Amino acid sequence: QVQPVESGGGLVQAGDSLRLSCAASGRTFSSHMMGWFRQAPGKGREFVASISWSGSTTYYADSVKGRFTISRDNAKNMAYLQMNTLKPEDTAVYYCAVRGIPFGSAKYTGTEDYGYWGQGTQVTISS
């Protein structure tokens, strides 16, 4: 019922900006917390940011605080990740995720906290 699809990845230079988009179909989208994760080559899937169902509360990994901004537009069934001052360390496949339990607002950082995942979009930062 909830099918996330990411877009917006690409190859950019260090210091540049990029915005990722996530389209999530399903009538329950507006009542579920959403998150962004990333997975670099040879590493596990890492929490990046999350946003509550209402959009009023956000959380960020320490590695991206001050550089990345998560947002959502429930009317359009869309979520976004604005990435500024990108670094080579940000290179990874980025995944959009939707929680399996509605109305959450706590800091959910584990992959087990999310029930629906997109296919991922590649982000590569050159030095």
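Up top you'll find the structure we're talking about.
Structure report, in brief. Not measured: the values here are computed from a predicted model.

On to the overall build of the protein chain, then. Assigned secondary structure in the protein chain consists of zero helices and 11 strands. Overall, the protein chain shows an N-to-C arrangement of helices and strands of β-β-β-β-β-β-β-β-β-β-β. Compactness check: the protein chain gives a C-alpha radius of gyration of 13 Å against a globular reference of 14 Å for 127 residues, within 12% of the reference. Residues counted as buried form 43% of the 127 residues belonging to the protein chain. Taking all contacts inside the protein chain whose residues are at least 6 apart in sequence as the whole, residues at least 24 apart take part in 60%. As displayed, the protein chain has an accessible area near 6100 Å², and 48% of this comes from carbon and sulfur atoms.

This brings us to the sheet that holds strand β7 (residues 68–73). The strand order across the open sheet formed by four strands is β1-β3-β8-β7, and the pairing between neighbours is antiparallel. Taken across any chain shown, the strands that pair with only one partner, and hence form the sheet edges, are β1 (3–7) and β7. Along the sheet, successive strands turn relative to each other by an average axial angle of 15 degrees, direction set aside. One ladder, built from five bridges, connects β1 with strand β3 (residues 18–25); its direction is antiparallel. From the neighbouring strand, Gln-3 faces β3, where its bridge partner is Ser-25.

Moving on, we get to the pattern of salt bridges. Summed over the entire model, instances satisfying the criterion amount to four salt bridges. Residues Arg-38 and Asp-90 are paired through a salt bridge, measuring 2.9 Å at the closest nitrogen-oxygen approach. Within this pair, whereas Arg-38 is found in strand β4 (residues 32–39), its partner Asp-90 is found in the loop between β8 (78–83) and β9 (92–102), the two being separated by 52 residues in sequence. Of the residues examined, Asp-90 reaches a relative accessible area of 1% and is grouped as buried. Across the salt bridge formed by Asp-90 and Arg-67, the nearest N and O atoms sit 2.8 Å from each other. Here the residue Asp-90 occupies a position in the loop between β8 and β9, and Arg-67 occupies one in the loop between β6 (58–60) and β7, the gap between them amounting to 23 residues.

Bringing the nonpolar core into the picture now. Formed by 31 residues in total, the largest nonpolar core has its most connected members in Met-34, Trp-36, Val-48, Phe-68, Leu-81, Met-83 and Tyr-94. Those elements that place two or more of their residues in this core are β3, β4, β5 (46–51), β7, β8, β9 and β11 (121–126). With five residues, β9 is the single largest residue contributor to this core. Beyond its immediate sequence surroundings of up to four residues, Leu-81 is in contact with Leu-18, Arg-19, Leu-20, Trp-36, Val-48, Ala-49, Phe-68, Thr-69, Ile-70 and Tyr-94.

Basis of the calculations
- Residues numbered from 1 in each chain as written.
- Predicted model: local features only at pLDDT ≥ 70, side-chain atom pairs only at ≥ 80, totals over all residues.
- Heavy atoms only, no water.
- Helix = DSSP H or I, 4+ residues; strand = E, 2+ residues; numbered from the N terminus.
- Rg over C-alpha atoms; globule rule 2.2 N^0.38 Å.
- Buried < 20%, exposed > 50% of the residue type's maximum accessible area, 1.4 Å probe, protein only.
- Contact = heavy atoms within 4.5 Å.
- Areas by Shrake-Rupley, 256 points an atom, 1.4 Å probe, with all protein chains shown as cover.
- Pairing = 2+ DSSP bridges.
- Axes fitted to C-alpha atoms, helices over the stretch in contact; angles between N-to-C directions.
- Salt bridge = Lys/Arg side-chain N within 4 Å of Asp/Glu carboxyl O.
- Core = buried A, V, L, I, M, F, W, Y, C linked by side-chain atoms within 4.5 Å.

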